Amino acid sequence: MASTLNTSHLLDRPINRSRGSETSLAAFSFLFSEMIQYSQKRVAGIADLEKRLANFGYRVGIRELELTLLREKNAKRETRVLQMLIFVNSTLWKSLFGKAADSLQKSNDNDDEYMLSDNDPVILKYISAPKEYASFNAGAFLAGLVEAVLDGCHFPCRVTAHSTGNEQFPSCMTLLIKFDKSVMLRERAFEGK
Amino acid sequence: MPLHSLYIINKAGGLIYQKDYTEGIARLSSNEYLVLAGTFHSIHVITTKLSPVPGSSGIEVLESDLFKMFCIQTPTGTKFLLVTDPSQLNVEAIMRRIYEAYADYVMKNPFYTPEMPIRAELFDVNLQKIINTYNLK
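Residues numbered from 1 in each chain as written. Chains lettered and ligands numbered in written order. Predicted model: local features only at pLDDT ≥ 70, side-chain atom pairs only at ≥ 80, totals over all residues. Heavy atoms only, no water.

Draft legend 1. Summary view of the overall build of chain A. A count of helices and strands for chain A gives five helices and four strands. Order of helices (α) and strands (β) in chain A, N terminus to C terminus: α-α-α-β-β-α-β-β-α. Seen along its three principal axes, the alpha-carbon backbone of chain A occupies a region of about 70 × 45 × 35 Å. If you take every contact in chain A between residues at least 6 apart in sequence, the share linking residues at least 24 apart comes to 61%. If the 25 positive side-chain charges of chain A are averaged to one point and the 23 negative ones to another, these points end up 5 Å apart. (Helix = DSSP H or I, 4+ residues; strand = E, 2+ residues; numbered from the N terminus. Contact = heavy atoms within 4.5 Å. Lys, Arg positive; Asp, Glu negative; His and termini not counted. Charge placed at Lys NZ, Arg CZ, Asp CG, Glu CD.)

Rendered as structure tokens:
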């Protein structure tokens, strides 16, 4: 006896595991908004709030790294800093947002700092901070995510998010990635060979 | 066909947003705006009960010689009032876009408490864009 109607419960149906599957932005925005409100009740100031969001992002990043590498054909374990950053810039961003990040730059002042920019981060699209929270950047979530991805690939670092809005892209966000000394030493050893 | 102003009233009858979009409109004090919103809210409720036929909606259009006021009530009880020229016929499309902007930039904003006055920069910016496309036609 076969029923032609799909009467199974939504929670019993298999998750769509295909590569290009998408989540509704509205659903994510509401969830993200609730995460921020939840954290706001439990913190003392803006820096703390960003730290909490970064922690959330870290836990997501660990899992996102495994998933992205699993689904990526020809995934190679990156050992060089530049290759790793290109992986984050294109492959990771594509699996998260469907498009690559907008620019990757090396800092002129310190050789262990790199900057990754996204001109219109989709997760920040609906957030308007009031004046008391002017310096708050919810991109801290993405910073935590990227930090987890880099940590998971053995590139220990510290990632922070900064708003660098200009006239053309008022909501432009930049992630500042500062690698540990051990990474730079290893990188120099590679170049020395 | 210029749109003159927008008022948003919450379920309890309190004014949560007010903006004028054309020059030369007389500005009232903020207290007067609150009284206006409260009065309209009460009249709206009375008109739903006034109809001899059950299931009637409240005031939808208020016409005068100098302006026309449209009211759309959402299923959640929030009212959007739009004051326009008397020649304006249908605001269905504009209202839908305003409601969309409200659902996006106000409801998804973590810093907004529902039923409180709206203070979201992105909402203002996007509303201005929507109104400009209609006013400059």
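The discussion continues.
Draft legend 2. Geometry of the sheet that holds strand S4 (residues 173-179) of chain A. Residues and elements named next belong to chain A. Strand order in the open sheet formed by four strands is S1-S2-S4-S3, and the pairing between neighbours is antiparallel. Only two strands of the sheet have a single partner each, and these edge strands are strand S1 (103-106) and strand S3 (157-163). Taken over all neighbouring pairs, the strand axes of this sheet differ in orientation by 20° on average, direction set aside. Where strand S2 (residues 113-118) and S4 come together, six bridges link them in antiparallel fashion. Within S4, the position partnered with Asp118 by the bridge is Met173. Across the sheet, helix H4 (residues 140-152) touches S3 and S4, and the angle it forms with S3 is around 155°. (Pairing = 2+ DSSP bridges. Axes fitted to C-alpha atoms, helices over the stretch in contact; angles between N-to-C directions.)

Draft legend 3. Geometry of the packing of aromatic side chains. Within this structure, the stated rule accounts for 16 aromatic pairs over all chains. Consider the rings of Tyr133 of chain A and Phe136 of chain A, whose centres lie 6.4 Å apart with planes at 80°: the pair is edge-to-face. When the centroid spacing of 5.7 Å and the interplanar angle of 85° are considered together, the rings of Phe136 of chain A and Phe111 of chain B count as edge-to-face. Of this pair, Phe136 of chain A sits in the loop between S2 and H4 while Phe111 of chain B sits in the loop between helix H2 (92-106) and helix H3 (121-135), each in a different chain. Residue classification places Phe136 of chain A among the buried positions, given a relative accessible area of 7%. The rings of Tyr17, Phe80, Tyr99, Tyr102 and Phe123 of chain B are connected pair by pair, giving a single aromatic cluster. (Phe/Tyr/Trp six-rings, centres within 6.5 Å; stacked < 30°, edge-to-face > 60°. Buried < 20%, exposed > 50% of the residue type's maximum accessible area, 1.4 Å probe, protein only.)

Draft legend 4. Quick look at the pattern of salt bridges. Residues and elements named next belong to chain A. Counted under the stated rule, the structure contains eleven salt bridges over all chains. With its nearest N and O atoms 3.1 Å apart, the salt bridge here joins Arg80 to Glu187. With Arg80 in the loop between helix H2 (46-71) and helix H3 (81-97) and Glu187 in helix H5 (residues 181-192), this residue pair connects regions lying 107 residues apart in the sequence. The exposure class assigned to Arg80 is partly exposed, which follows from its relative accessible area of 29%. Note on Glu187: relative accessible area 10%, which makes it buried. Among the salt bridges present, the one from Arg80 reaches Glu191, with a minimum N-O distance of 3.8 Å. Taken together, the residues Arg80 in the loop between H2 and H3 and Glu191 in helix H5 connect sequence positions 111 residues apart. What makes Glu191 exposed here is its relative accessible area of 55%. Among the charged side chains, a salt-bridge network with shared partners connects Arg80, Glu187 and Glu191. (Salt bridge = Lys/Arg side-chain N within 4 Å of Asp/Glu carboxyl O.)

Draft legend 5. Structural view of the sheet that holds strand S5 (residues 79-84) of chain B. Residue and element names in this part refer to chain B. The strand order S2-S1-S5-S4-S3 describes an open sheet built from five strands, whose pairing is antiparallel. In this open sheet, the two edge strands, each paired with only one partner strand, are strand S2 (15-20) and strand S3 (61-63). Ignoring strand direction, the axes of neighbouring strands in this sheet form an average angle of 15°. Two strands pair when backbone bridges link them, and strand S4 (residues 68-73) and S5 are joined in this way by six bridges, in the antiparallel orientation.

Draft legend 6. Examining the nonpolar core more closely. Formed by 42 residues in total, the largest nonpolar core has its most connected members in Phe32, Val88, Leu150, Leu175 and Phe179 of chain A. Going through the elements one at a time, helix H1 (25-41), H2, H3, S2, H4, S3, S4 and H5 of chain A are the ones with two or more residues in this core. Broken down by element, this core gets its largest block of residues, eight residues, from H4 of chain A. Look past the residues within four positions of Phe179 of chain A in its chain and what remains in contact with it is Val81, Leu85, Asp112, Tyr114, Leu150, Phe155, Pro156, Cys157 and Met184 of chain A. Counting residues in each nonpolar core, the second largest holds 26 residues, with Phe80, Val91, Ile130 and Tyr134 of chain B among its members. (Core = buried A, V, L, I, M, F, W, Y, C linked by side-chain atoms within 4.5 Å.)

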